[in-house]
Amino acid sequence: QVQLVESGGGLVQPGGSLRLSCAASGITFSSYDMGWHRQAPGKQRELVAVITRGGGTNYADSVKGRFTISRDNAKNTVYLQMNSLKPEDTAVFYCNANRKTWSGYEYDYWGQGTQVTVAS
């Protein structure tokens, strides 16, 4: 059974920092691209950052220079370090694990989400 369990969300003041963690089980973690997505109230879910199985990273323009995604394959965990947080970063953050096979089959798993609220 695949599980992605996020932690680290909470309430933080503007300009503050949080580190989200996502612990994966039931998958060969090192074979998956891992991503963080978020969904603000009334908005569509959007990609925040992704780290490939090879360690390459990509970020949404809105978080470049403020957020850093990393992974620890020995701990089956992906992290999102969020600095200089803004009220518009308020959202539920979701962890995603994705793998596409050579034949085109896609494995795609999601965590339950963790709330991040940036407010004074």
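What this report covers is the structure whose coordinates are included nearby. (Residues numbered from 1 in each chain as written. Predicted model: local features only at pLDDT ≥ 70, side-chain atom pairs only at ≥ 80, totals over all residues. Heavy atoms only, no water.)

1. Here's the deal with the overall build of the protein
Put simply, the rule reads: The way it works is that DSSP assigns letters per residue, a run of H or I at least four long becomes a helix, a run of E at least two long becomes a strand, and they are numbered from the N terminus. To get the radius of gyration, use the C-alpha atoms; to get the globule rule, take the number of residues to the power 0.38 and multiply by 2.2 Å.
Counting its secondary structure elements, the protein contains zero helices and 11 strands. Walking the protein from its N terminus toward its C terminus, one meets helices and strands in the order β-β-β-β-β-β-β-β-β-β-β. Here the C-alpha atoms of the protein give a radius of gyration of 14 Å, agreeing with the 14 Å that 2.2 N^0.38 yields for 120 residues. Based on the C-alpha atoms only, the size of the protein along its principal axes is roughly 50 × 30 × 25 Å.

2. Remarks on the environment of S30
The following threshold applies: Whether two residues are in contact is decided by their heavy atoms, any of which lying within 4.5 Å being enough.
You can see S30 is positioned in the loop between β3 (18–25) and β4 (33–39). C-alpha separation for the pair S30 and R71, spaced 41 residues apart in sequence, amounts to 9.2 Å. Filtering out sequence-adjacent residues up to four positions away, S30 remains in contact with R53, R71 and N73.

3. Regarding the packing of aromatic side chains
Using the following cut-off: In this analysis, rings of Phe, Tyr and Trp, with Trp reduced to its six-membered ring, are considered paired at centre separations within 6.5 Å, and the interplanar angle assigns stacked below 30 degrees, edge-to-face beyond 60, and tilted for intermediate values. Buried means the residue's accessible area, taken with a 1.4 Å probe over protein chains only, is under 20% of the maximum for its type, while exposed means over 50%, and partly exposed covers the values in between. Both a distance and an angle decide whether a charge sits over a ring: NZ of Lys or CZ of Arg must be within 6 Å of the ring centre and within 35 degrees of the ring normal.
Inspection of every chain in the model, using the stated rule, returns two aromatic pairs. Look at Y32 and Y109: their rings are 6.2 Å apart centre to centre, the planes differ by 45°, and that puts the pair in the tilted class. Taken as a pair, Y32 in the loop between β3 and β4 and Y109 in strand β10 (residues 106–110) lie far apart in primary sequence, 77 residues in all. The class of Y32 is buried, set by a relative accessible area of 5%. Taking 4.8 Å as the distance between ring centres and 70° as the angle between the ring planes, the aromatic pair formed by Y105 and Y107 counts as edge-to-face. Its guanidinium or amino end placed over the ring of F29, R71 lies 4.6 Å from that ring's centre, counting from NZ or CZ.

4. Quick word on the pairing of strand β8 (residues 77–82)
Filter applied, for reference: When DSSP finds at least two bridges between two strands, those strands are taken to pair.
For β8, a buried count of five out of six residues is recorded, marking the element as mostly surrounded by other parts of the structure. With six bridges connecting them, β3 and β8 associate as antiparallel partners. What sits directly across from C22, in β8, is V78. Inspection of the sheet shows strand β7 (residues 67–72) paired to β8 by six bridges, in the antiparallel sense. Within β8, the residue paired with R71 across the bridge is V78. In this structure, the hairpin formed by β7 and β8 is closed by a connection of four residues, where N76 is found at a positive phi of approximately 55°.

5. Some words on the sheet that holds β3
Worth spelling out the cut-off: The convention used is that axes are lines fitted to C-alpha atoms, helices contributing only their stretch in contact, and that angles between N-to-C directions extend from 0 to 180 degrees.
An order of β1-β3-β8-β7 is seen for the four strands of this open sheet, with the pairing classed as antiparallel. Each edge of the open sheet is held by one strand with a lone partner, namely β1 (3–7) and β7. Pairwise comparison of adjacent strand axes, ignoring direction, gives a mean angle of 15° for this sheet.

6. Considering the pattern of salt bridges
Any two side chains of opposite charge can pair, given that their charged atoms come close. To keep it simple, the criterion reads: Salt bridge, as used here, is a side-chain nitrogen of Lys or Arg placed within 4 Å of a carboxyl oxygen of Asp or Glu.
Taken as a whole, this structure holds five salt bridges when the rule is applied. D61 is the salt-bridge partner of K64, the closest N and O atoms lying 3.1 Å from each other. Assessed through its relative accessible area of 67%, D61 is described here as exposed. Residue E106 pairs with K100 through a salt bridge whose shortest N-O separation is 3.4 Å. Residue classification places E106 among the partly exposed residues on the basis of a relative accessible area of 39%. Exposure remark for K100: the relative accessible area of 54% places this residue in the exposed category. Residues participating in the shared-partner salt-bridge network are R38, E46, R66 and D89.

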